[in-house]
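# Reading the structure
Chain by chain, the residues:
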Amino acid sequence: MQKAQPEKLFPIEREYKISKDEINRRKRAFTTLSISLIIGLILASKILDFPVSVFGYLCFATALFLSSILLFKSFDYLSQIKIYLSNQIIERTNQKASESFLIANINNVKIKRTTRNTIREIYIWSRDGKSTFINALEDFEQFRTELINKIGKNIPIKEMREKIDFDHPLFYSILGLLISFVGVYLIKTIASLDYFKTKVILFVVSVYIFAVGVYFICTKPISKRYGNKKKFADYIFGFIMVCFSVYIFILGVKTENHPVG
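We now turn to the structure provided with this report. Predicted model, so just to flag it, every value in this text is computed and none were measured.

Attention now goes to the overall build of the protein chain. Scanning the protein chain for helices and strands turns up eight helices and eight strands. The principal-axis extent of the C-alpha atoms belonging to the protein chain is close to 80 × 35 × 35 Å. Within the protein chain, the proportion of its 261 residues that are buried is 36%. Of all intrachain contacts in the protein chain linking residues separated by at least 6 positions in sequence, the fraction that spans at least 24 positions is 64%.

Here it is, written out as structure tokens:
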């Protein structure tokens, strides 16, 4: 692989690779969640007496399948990333692109740990407005130690710990069931509401989805974790969310009063 220009200016001290175990864990987690969502949808429709058509099941399964393709591609992309750390820079590279962050510009660091005290992710902010999120590294503790040793002593370093064990084998199984039951219950409840309450709910949902879309467009959380090459994914996802919010808003406007009796 051709070396990026920053490597010529600043000698690299250590290379960090992405953990294959972490990538496999994420793939298993999404697979478990998908299966749990489908089973939960079937059970919820029976228990809550809200039948779902075969077409509805097919649409749901198709959405999960397409999501899995996109997500697994992002995992494969992540597995190709390497992080280089020197006294002067942090550099993130893959086979197609490279980006670097000056150590001297770092003005804030936050470290997120799991309930098992392993590092989930490290957030790094710079004085020039740039920021990056580093996750799924092998030797993550070593990276943290070296990074802290290289940045200024007056740079704030905040550590936080997750309240829930997201890595527990049962977590995504239970989460999928809960999401399915809550989703079916909400749809059933909305279907029985009068038109005014339905309008309010649709407007609130549209505002929330619009905010999510704007968040992805403005803060670009995908590219901060996978590199600038993924900015396009942030813009596309944000644009889709904004369009979807507009559709729901229009749906709320067109909702008419159909009095009972």
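Proteins that are soluble and globular tend to have nonpolar side chains buried together. Grouped together as the largest cluster of nonpolar side chains are 26 residues, with contacts concentrated most on Ile90, Ile106, Ile122, Phe143 and Leu147. Counting residues in each nonpolar core, the second largest holds six residues, with Leu33, Leu37, Phe171 and Tyr172 among its members.

Per the counting criterion, the structure on display carries one cavity of 30 Å³ or more. Put simply, the largest cavity is a space of about 40 Å³. Contributing to the lining of the largest cavity are Ile18, Leu78, Ile81, Ile83, Arg92, Phe133, Ile134, Asn135, Leu137 and Arg225. For the lining of the largest cavity, the element with the highest residue contribution is strand S7 (residues 131–135), accounting for three residues. Looking at the lining of the largest cavity residue by residue, the classes come out as seven nonpolar, one polar and two charged.

Applying the stated criterion across every chain yields a total of 13 salt bridges. Among the salt bridges present, the one from Arg113 reaches Glu159, with a minimum N-O distance of 2.7 Å. Linking Arg113 in strand S5 (residues 106–113) with Glu159 in strand S8 (residues 157–161), this pair joins segments that are 46 residues apart in sequence. One salt-bridge network, held together by shared partners, links Glu22, Arg25, Arg26, Arg120, Glu162 and Asp167.

The next subject is the sheet that holds strand S6 (residues 119–126). One open sheet holds the four strands; their spatial order is S7-S6-S5-S8, and the pairing between them is mixed. Two strands lie at the open edges of the sheet, namely S7 and S8, each paired on one side alone. With strand direction ignored, the average angle separating the axes of adjacent strands in the sheet is 15°. The pairing of S5 with S6 spans seven bridges and is classified as antiparallel. The partner of Ile111 across the bridge, within S6, is Ile122. Along the sheet, helix H4 (residues 140–150) makes contact with S5, S6, S7 and S8, crossing S6 at roughly 25°.

The four strands lie next to each other as S1-S2-S3-S4, forming an open sheet whose pairing is antiparallel. Two strands in the sheet have a free side with no partner beyond their single neighbour: strand S1 (14–17) and strand S4 (98–102). Here the average twist between neighbouring strands, direction ignored, is 20°. In this structure, S1 lies alongside strand S2 (residues 82–85), joined through four bridges in antiparallel fashion. Bridging across to S2, Tyr16 finds its partner in Ile83.

About the criteria used
Residues numbered from 1 in each chain as written. Predicted model: local features only at pLDDT ≥ 70, side-chain atom pairs only at ≥ 80, totals over all residues. Heavy atoms only, no water. Helix = DSSP H or I, 4+ residues; strand = E, 2+ residues; numbered from the N terminus. Buried < 20%, exposed > 50% of the residue type's maximum accessible area, 1.4 Å probe, protein only. Contact = heavy atoms within 4.5 Å. Core = buried A, V, L, I, M, F, W, Y, C linked by side-chain atoms within 4.5 Å. 1 Å grid on protein atoms, 1.4 Å probe; cavity = no way out; pocket = protein on both sides within 12 Å on 5 of 7 lines; lining within 4 Å. Points joined across faces, edges and corners; volume = space filled by probe spheres on them. Nonpolar A, V, L, I, M, F, W, Y, C, P; charged D, E, K, R; others polar. Salt bridge = Lys/Arg side-chain N within 4 Å of Asp/Glu carboxyl O. Pairing = 2+ DSSP bridges. Axes fitted to C-alpha atoms, helices over the stretch in contact; angles between N-to-C directions.

Geometry only, nothing functional implied.
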